[in-house]
Amino acid sequence: MGRPDVVIVSNRGPLSFTRDDRGELVTTRGGGGLVSSLGPAVAGTGATWVATAVSAADREATADGAVEAEGFRLRSLAIERDVYKQYYDVVANATLWFMHHNLFDLARRPRIDRRWRQAWRSFEDVNRAFAEAVADEAGEGATVLVHDYHLPLVGGFLAELRPDLRAAHFHHVPFCEPTALGTLPDDVALALLEGLCGHGACGFQSRRWAAAFEACCHARGVTAPPTFVAPAAPSVEELLSVAHSPACEAELAHLEEQVGDCSLLVRVDRIELSKNLLRGFLAFEELLHTEPAWRERVVFAAFVYPSRIELADYLAYRSEVEGLVERINNTWSTPSWTPILLDTSDSFVRSVAALRRYDVLLVNPVRDGLNLVAKEGAIVNERHGVVALSREAGVWDEVGEACLELNPFDLAGTAEALATGLSMGMAERMERASRLHDLAEQGSPEDWLRRQLRAAGTPGR
Ligand code: G6P
């Protein structure tokens, strides 16, 4: 294979490796929203995908160079463990993620001290290592698509190393407003913006995040490159094939047994601070308080799976979530009814089964780049289910008109929306569900990738 004309760059790769009982290397799909939206789009394109080797098995599997898989090449970057932790845990996840999602508890965080500065140097080093790997892989004039908040500096480095390449950056998460950017030291904020501006174009999931990026550039006197808005889309075909699989049927049958004749409220999320799990459960409890008729008549099934467990904030959040669910169940359960079913196993098939079955789907993030679950739910649901959606999710722009609007901070308002969704008459449910279905089916992973390539200036795409 010659040098590729398209190079994809992301922190987490599309494949991860483990060792089975006999010590053989086994390949599985990498996890997370980025990979699930980008993976199907890149499969079969012949592109090269540069990503970090996260586990020891990942390093071993790719020690001899690039791996060929599913119609693309994976080139893994092995990064020293301590450097990776500083880049990924301290800067990307504990700082940039919090900043872009407005999650900082400003009385306490962030704390920019000597250790943070050291971590920022590691962040720069990893971004530079990515740029060097791309410079090494890419054919003359190739297009490079750099993904997400972990890798904002790649474009700046690449512009120096390989000015012949066309690079675009795509942010999967929201972009912060200028005030929030002010939580970073000035030189770091500037480096972040200038690194992004080193790409020929910057893409976002929603016009709102693009505008926030432009406002940050403007406030810091940096000239923004052209921006584009290209919301990610699930693969309808893949989703329906999971939904119709025997494994999914079995999961659905199991769920039906647990739910019985009750109405079903569902949520599917990572255990993640931005997803607003605590307020979701509290709003459900508010509903049980204010609308006694729903007691013993509705079950809230929450499929939420652990994420970023290396970070203390995430561990603490998980125990807070589990403690709250236990408290609510202890308060309200009756001999024949448990109000909340909390499932923390990471099973995509089980989540899809729940999405087929919901009467109301709760999607209430405090701020979210897009939120694919809202689209996935609308595509597979079989009960004319209603989606109660936070207006702070990027996907609101696309499908909000067919959903019940949530202010994610307003518990009483969320409880009211849940009551409205649960008691909605069939004619309105059908009308909304069919509109939502049509909106959610627009776009595809391939189309999304094409829009990024076009924005990067690739001829003929
Ligand atoms: C979510 C976000 C993506 C991000 C990914 C990283 O899916 O929407 O923007 O890239 O998390 O997840 P990870 O597990 O790799 O930290």
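Shown above is the structure to which this text applies.
The structure displayed is predicted, hence computed values, not measured ones. (Residues numbered from 1 in each chain as written. Predicted model: local features only at pLDDT ≥ 70, side-chain atom pairs only at ≥ 80, totals over all residues. Heavy atoms only, no water.)

(A) Structural view of the overall build of the protein chain. On a plain count of helices and strands, the protein chain comes out with 18 helices and 16 strands. By the compact-globule yardstick of 23 Å for 461 residues, the protein chain fits well, its C-alpha radius of gyration being 22 Å. Each principal axis of the C-alpha atoms in the protein chain carries an extent, and together these give about 65 × 50 × 45 Å. The buried share of the protein chain, taken over its 461 residues, is 56%. Sequence-distant contacts in the protein chain: of pairs separated by 6 or more residues, those separated by 24 or more amount to 78%. (Helix = DSSP H or I, 4+ residues; strand = E, 2+ residues; numbered from the N terminus. Rg over C-alpha atoms; globule rule 2.2 N^0.38 Å. Buried < 20%, exposed > 50% of the residue type's maximum accessible area, 1.4 Å probe, protein only. Contact = heavy atoms within 4.5 Å.)

(B) Spotlight on the sheet that holds strand E15 (residues 386-390). In spatial order, the strands read E13-E12-E11-E14-E15-E16; together these six strands make up an open sheet with parallel pairing. Sheet topology places strand E13 (340-343) and strand E16 (404-406) at the edges, where each strand pairs with a single neighbour. Sheet twist, expressed as the average angle between the axes of neighbouring strands with direction ignored, equals 20°. Pairing analysis gives three bridges linking E15 to E16, with the strands arranged parallel. Bridge assignment links Ala388 to a residue of E16, and that residue is Leu404. Contacts between helix H13 (residues 348-357) and the sheet are confined to strand E11 (263-270), strand E12 (298-305), E13 and strand E14 (360-363), with E11 contributing the most and set at about 145° to the helix. (Pairing = 2+ DSSP bridges. Axes fitted to C-alpha atoms, helices over the stretch in contact; angles between N-to-C directions.)

(C) Up close: unusual backbone geometry. Omega for the peptide link from Arg109 to Pro110 comes to 0°, which places this bond in the cis form. Position of Pro110 relative to the elements: it lies in the loop between helix H3 (81-100) and helix H4 (114-137). Even without a glycine there, the phi angle at His384 is positive, about 50°. In this fold, His384 is placed in the loop between helix H14 (372-380) and E15. We classify His384 as partly exposed; its relative accessible area is 32%.

(D) Representation of the packing of helix H9 (residues 236-243) against H13 in the model. Between H9 and H13, the shortest axis-to-axis distance is 9 Å and the interhelical angle comes to 90°. Here H13 runs roughly perpendicular to H9, going by the angle between their axes. On H13, the residues touching Leu239, Val242 and Ala243 of H9 are Phe348, Val349, Val352 and Arg356. (Parallel < 35°, antiparallel > 145°, perpendicular 65-115°, else oblique.)

(E) Local environment of the side chain of Asp269. By secondary structure assignment, the location of Asp269 is in strand E11. Separated by 2.8 Å, the side chains of Asp269 and Arg267 make a polar contact. In this structure Asp269 touches Lys275, Leu277, Phe303, Val304, Tyr305 and Asn371, once residues within four positions along its chain are discounted. (Polar contact = N/O pair within 3.5 Å; in protein donor to acceptor, adjacent residues only side chain to side chain.)

(F) Quick look at empty space enclosed by the protein. One pass over the full model with this rule turns up one cavity of 30 Å³ or more. Approximately 40 Å³ is the volume found for the largest cavity. Along its surface, the largest cavity is lined by Ile271, Pro306, Ser307, Ile309, Tyr314, Leu315 and Arg318. Here the residues of the lining of the largest cavity sort into five nonpolar, one polar and one charged. (1 Å grid on protein atoms, 1.4 Å probe; cavity = no way out; pocket = protein on both sides within 12 Å on 5 of 7 lines; lining within 4 Å. Points joined across faces, edges and corners; volume = space filled by probe spheres on them. Nonpolar A, V, L, I, M, F, W, Y, C, P; charged D, E, K, R; others polar.)

(G) The arrangement of the site of the ligand in detail. Around the ligand sit Arg12, Gly32, Gly33, Leu34, Tyr88, Trp97, Asp148, His150, His172, Val173, Arg270 and Arg308, and those are all the residues in its vicinity. Contact distances for the ligand include 2.4 Å between an oxygen atom and a side-chain N or O atom of Tyr88. Contacts to the ligand include Asp148, whose side-chain N or O atom sits 2.5 Å from an oxygen atom. Those elements that provide at least two residues to the shell around the ligand are helix H1 (33-42) and H3. (Near = heavy atom within 4 Å.)

(H) Representation of helix H18 (residues 445-456) within the structure. Taking 1.5 Å as the rise per residue, H18 with 12 residues should run 16 Å; its terminal C-alpha atoms sit 17 Å apart, in good agreement. Buried within H18 are the following residues: Pro445, Trp448, Leu449, Gln452, Leu453 and Ala456. The buried side chains of H18 occupy one side of the element, clustering within an arc of 135° when seen end-on. Buried residues along H18 sit against strand E1 (6-9), H1, strand E7 (143-147), strand E8 (166-170) and strand E10 (227-229). One or two residues past the end of H18 sits Gly457, with phi positive at roughly 95°. (Expected span 1.5 Å × (residues − 1). Arc of directions from axis to C-beta.)

(I) Highlighting the sheet that holds E1. The mixed open sheet is built from eight strands, whose spatial order is E5-E6-E4-E1-E7-E8-E9-E10. The sheet terminates laterally at strand E5 (67-69) and E10, the two strands that pair on one side only. Going across the sheet, the axis of each strand differs from the next one's by a mean of 25°, ignoring polarity. Both strand E4 (residues 48-53) and strand E6 (residues 72-78) contribute to a ladder of six bridges, which runs parallel. Considered in E6, the bridge of Ala51 is made with Ser76.

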